[in-house]
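Each chain, written out:
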Amino acid sequence: MTDTRYLVHGVFWPATPAARPVLRLQASDGTFREAALDGGIRLGFRLAAEGKSCLGHHLVHGPARRDHVLCAGRSPADRGNQCGRCFVADDFRLMHDFHRGGRVPPGLRSYLMQPHWLYVATFANGVSKVGTAADLRKWQRLAEQGAVAASYVARAADGRVVRVLEDLVTRDGGLPQQVRSAAKAAALAAPASAGRLTAHNAALAATARRVISASGEDGFEVVDEGWNRPALAERLCSATARHSYPHALDSGQHGFTIRSVCGSFVLAALDDAGLEFVVDLGRLKGRTIELGTYSSEVPAVQEALF
Ligand SMILES: [Zn+2]
């Protein structure tokens with residue numbers, strides 16, 4: 001009998017806007033399959049194990065080359081999405097201190113020495129952040145984050161310079177470097193108009209450009225370039241009626257038809273109800289699921305909602 005249980009590694013967006021995101025799944029024999037996330041696709045699953053498992057670690061060999069090493073013991077995840085051993089072995093762990101003089105292995109150094117982009121991203125309620133993307137992940141990085149509007153503000157010679165600029169924009173422009181996924185999901189349940197978010201993002205990006213232009217730093221050029229939101233995110237980022245998904249994704253069975261995808265968030269239509277809900281599939285990361293013809297319980301809240 002085939003084991004249909006999978007360890008979820010998360011939602012992955014491709015490098016080009018033309019392709020579709022996928023839910024990446026690890027089978028018990030260590031092979032991977034990808035469940036396509038697209039408008040009209042039905043996704044059904046049940047949670048098949050308690051708790052979260054380690055997703056392994058990465059060894060970085062260069063700008064486009066890395067190995068994903070699976071967790072040898074399929075250990076419980078107790079450091080975010082990793083076990084203690086994989087957390088320590090992960091090259092990317094060292095990335096964040098590189099610009100403060102931290103030592104990195106040669107492969108990660110070569111990854112970090114590629115050109116990087118500095119961007120300002122705005123989420124569905126106007127909350128915004130500054131961030132960085134390696135050249136090869138320029139578009140994808142913002143798609144993964146679930147940005148509604150975003151602008152590139154600088155192209156830096158390498159990953160050290162870009163992180164210096166990022167810290168400056170936080171210090172002098174007041175933009176944080178993290179927005180929690182729970183806040184993004186809540187915002188998508190009642191999004192502001194995309195037009196207003198685009199204007200807000202443009203104003204914040206202009207401030208960021210002023211901050212870095214006045215910084216006296218070398219090794220970058222200021223750019224004024226927009227980011228194109230994927231067409232698949234259109235409905236989730238518009239002001240159609242929707243609600244927060246009322247069930248936690250740590251147990252039970254779930255199933256719905258996908259209408260739109262933004263980052264790890266999907267706009268999901270539950271059977272027969274005609275209602276749409278914002279589901280954060282990122283919550284499945286590290287969980288073990290079984291795919292099948294499962295359905296979400298339709299919440300008995302319709303009267304309250306209208
Ligand atoms: Zn591990």
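Residues numbered from 1 in each chain as written. Predicted model: local features only at pLDDT ≥ 70, side-chain atom pairs only at ≥ 80, totals over all residues. Heavy atoms only, no water.

**Student:** When you look at the pairing of strand β15 (residues 288-291) in this model, what are you seeing that I'm missing?
**Tutor:** Two faces make up the sheet, and in a regular strand the side chains alternate between them. Bridge analysis of strand β1 (residues 5-12) against β15 gives three bridges, and the strand direction is antiparallel. Residue pairing in the sheet places Tyr 6 in a bridge with Ile 289 of β15. (Pairing = 2+ DSSP bridges. Helix = DSSP H or I, 4+ residues; strand = E, 2+ residues; numbered from the N terminus.)

**Student:** I tried to follow the coordination of the zinc ion on my own but got confused; where do I start?
**Tutor:** Octahedral six-donor coordination of a metal ideally yields angles of 90 or 180 degrees, compared with 109.5 degrees for tetrahedral four-donor coordination. Each protein donor to the zinc ion is listed here as Cys 54 (SG), Cys 71 (SG), Cys 83 (SG) and Cys 86 (SG); together their distances run 2.3 to 2.4 Å. In this structure, the zinc ion is coordinated by four donor atoms arranged in tetrahedral fashion, with angles at the metal of 99 to 117°. Counting the intervening residues between successive donors of the zinc ion yields the motif C-x16-C-x11-C-x2-C. (Donors = N, O, S within 2.8 Å, 3.2 Å for Na, K, Ca; no water. Tetrahedral: all angles 85-135°; square planar, octahedral: opposite > 155°, others 65-115°.)

**Student:** What exactly am I supposed to notice about the layout of surface pockets here?
**Tutor:** If you roll a probe as big as a water molecule over the atoms, it shows you where there is empty space left. Put simply, the second largest pocket is a space of about 310 Å³. In terms of residue class, the lining of the second largest pocket is made up of nine nonpolar, two polar and five charged. (1 Å grid on protein atoms, 1.4 Å probe; cavity = no way out; pocket = protein on both sides within 12 Å on 5 of 7 lines; lining within 4 Å. Points joined across faces, edges and corners; volume = space filled by probe spheres on them. Nonpolar A, V, L, I, M, F, W, Y, C, P; charged D, E, K, R; others polar.)

**Student:** Quick question: what am I supposed to make of the domain arrangement of the protein chain here?
**Tutor:** How big an interface is tends to be stated in terms of accessible area lost as the parts join. According to the domain assignment, the protein chain contains domain 1 (1-53 + 230-306) and domain 2 (56-229). Its C-alpha centre places domain 1 at a distance of 24 Å from the equivalent point of domain 2. Taken together, the contacts link 34 residues of domain 1 with 27 residues of domain 2. Where domain 1 abuts domain 2, roughly 2,400 Å² becomes buried across the two surfaces, and 60% of that area is made up of carbon and sulfur atoms. Counting the surface domain 1 buries against domain 2, the share from its top three residues, Pro 230, Cys 237 and Phe 265, is 23%. At the junction of domain 1 with domain 2, the criterion picks out one salt bridge. (Domains from an automatic or database assignment. Contact = heavy atoms within 4.5 Å. Buried area = accessible area lost by both parts, 1.4 Å probe. Salt bridge = Lys/Arg side-chain N within 4 Å of Asp/Glu carboxyl O.)

**Student:** Help me understand the sheet that holds strand β11 (residues 243-244), please; the structure alone is not making it clear to me.
**Tutor:** In space, the nine strands of this open sheet follow the order β3-β2-β1-β15-β4-β12-β13-β14-β11, with mixed pairing throughout. One side of each edge strand has no neighbouring strand; the edge strands of this open sheet are β3 (32-36) and β11. Its contacts with the sheet place helix α5 (residues 181-188) against β13 (265-269) and β14 (276-280), and it is angled at close to 40° to β13. (Axes fitted to C-alpha atoms, helices over the stretch in contact; angles between N-to-C directions.)

**Student:** Honestly, the nonpolar core in this entry has me stumped. Any pointers?
**Tutor:** Considering soluble globular proteins, one finds that nonpolar side chains tend to be buried as a cluster. Ranked by internal contacts, the top residues of the largest apolar core, which has 41 residues, are Phe 256 and Leu 281. Of the domains in this structure, domain 1 (1-53 + 230-306) and domain 2 (56-229) are the two that each give at least three residues to this core. Contacts of Phe 256, omitting those with residues within four sequence positions, involve Ile 41, Arg 42, Leu 43, Phe 45, Tyr 245, Val 266, Ala 268, Ala 269, Leu 270, Val 279, Leu 281 and Ser 296. Within the second largest apolar cluster, 17 residues are counted, among which are Val 120, Ala 156, Ala 205 and Ala 208. (Core = buried A, V, L, I, M, F, W, Y, C linked by side-chain atoms within 4.5 Å. Buried < 20%, exposed > 50% of the residue type's maximum accessible area, 1.4 Å probe, protein only.)

**Student:** For this particular structure, what's the right way to read the packing of aromatic side chains?
**Tutor:** One pair of aromatic rings is described through two measures. These are the centre distance and the angle between the planes. In this structure the tally under the stated criterion is six aromatic pairs. Here Phe 45 and Phe 256 contribute two aromatic rings whose centre-to-centre distance is 6.3 Å and whose plane-to-plane angle is 90°, an arrangement assigned as edge-to-face. A residue pair is termed long-range when its members are at least 10 positions apart, and Phe 45 in strand β4 (residues 42-47) and Phe 256 in strand β12 (residues 253-262) qualify at 211 residues. Considered together, Phe 45 and Phe 256 belong to a single accessibility category, that of buried residues. Ring centres 5.7 Å apart and planes at 80° place the aromatic pair Phe 92 and Tyr 111 in the edge-to-face group. Taken together, the residues Phe 92 in the loop between α1 (84-89) and α2 (106-112) and Tyr 111 in helix α2 connect sequence positions 19 residues apart. The two residues Phe 92 and Tyr 111 agree in class, both being buried. (Phe/Tyr/Trp six-rings, centres within 6.5 Å; stacked < 30°, edge-to-face > 60°.)

**Student:** Honestly, the packing of helix α4 (residues 159-173) against helix α6 (residues 194-213) in this entry has me stumped. Any pointers?
**Tutor:** The relative placement of two packed helices is expressed as an angle between their axes plus a distance between the axes. Look at α4 against α6: their axes get within 9 Å of each other, and the N-to-C directions meet at 110°. Here α4 is positioned roughly perpendicular relative to α6, judged by the angle of their axes. Taken as a pair, α4 and α6 cross one another with a handedness that is right-handed. For the pair α4 and α6, contact is made by Leu 165, Leu 168, Val 169, Asp 172 and Gly 173 and by Ala 208, Val 211 and Ile 212, respectively. (Parallel < 35°, antiparallel > 145°, perpendicular 65-115°, else oblique. Left-handed = near helix turned anticlockwise from the far one by under 90°.)

**Student:** Looking at this structure, I do not really get a positive patch on the surface. What am I missing?
**Tutor:** A cluster of basic side chains, namely Lys 52, Arg 180, Arg 283 and Lys 285, defines a positive patch on the protein surface. Relative to the elements of secondary structure, Lys 285 occurs in the loop between β14 and β15. Residue classification places Lys 285 among the partly exposed positions, given a relative accessible area of 32%. (Patch = residues over 30% accessible without salt bridge, like charges linked within 9 Å, V, L, I, M, F, W, Y side chains within 5 Å. Areas by Shrake-Rupley, 256 points an atom, 1.4 Å probe, with all protein chains shown as cover. Lys, Arg positive; Asp, Glu negative; His and termini not counted. Charge placed at Lys NZ, Arg CZ, Asp CG, Glu CD.)

**Student:** Is there a simple way to explain α5 in this structure?
**Tutor:** In an α-helix, one turn spans 3.6 residues, which is why side chains three or four residues apart end up on the same side. Here α5 has its buried residues at Lys 184, Ala 185, Ala 187 and Leu 188. For α5, the angular spread of buried residues about the axis comes to 160°, placing them on one side. In this structure, the buried residues of α5 make contact with α3 (138-145), β13 and β14. (Arc of directions from axis to C-beta.)

**Student:** Help me understand the pattern of salt bridges in this model?
**Tutor:** Pairing between side chains of opposite charge can happen when the charged atoms of each approach one another. For the coordinates displayed, the defined rule picks out eleven salt bridges. The salt bridge partner of Arg 171 is Asp 172, with a shortest N-O separation of 2.9 Å. Taking relative accessible area as the criterion, Arg 171 reaches 62% and is therefore assigned exposed. Between Asp 224 and Arg 209 there is a salt bridge, with its nearest N and O atoms 3.2 Å apart. Of this pair, Asp 224 sits in strand β10 (residues 220-226) while Arg 209 sits in helix α6, placing them 15 residues apart in sequence. Accessibility expressed as a relative area gives 68% for Asp 224, which makes it exposed. Residues joined in a network through salt bridges with shared partners are Arg 137, Arg 141 and Glu 144.

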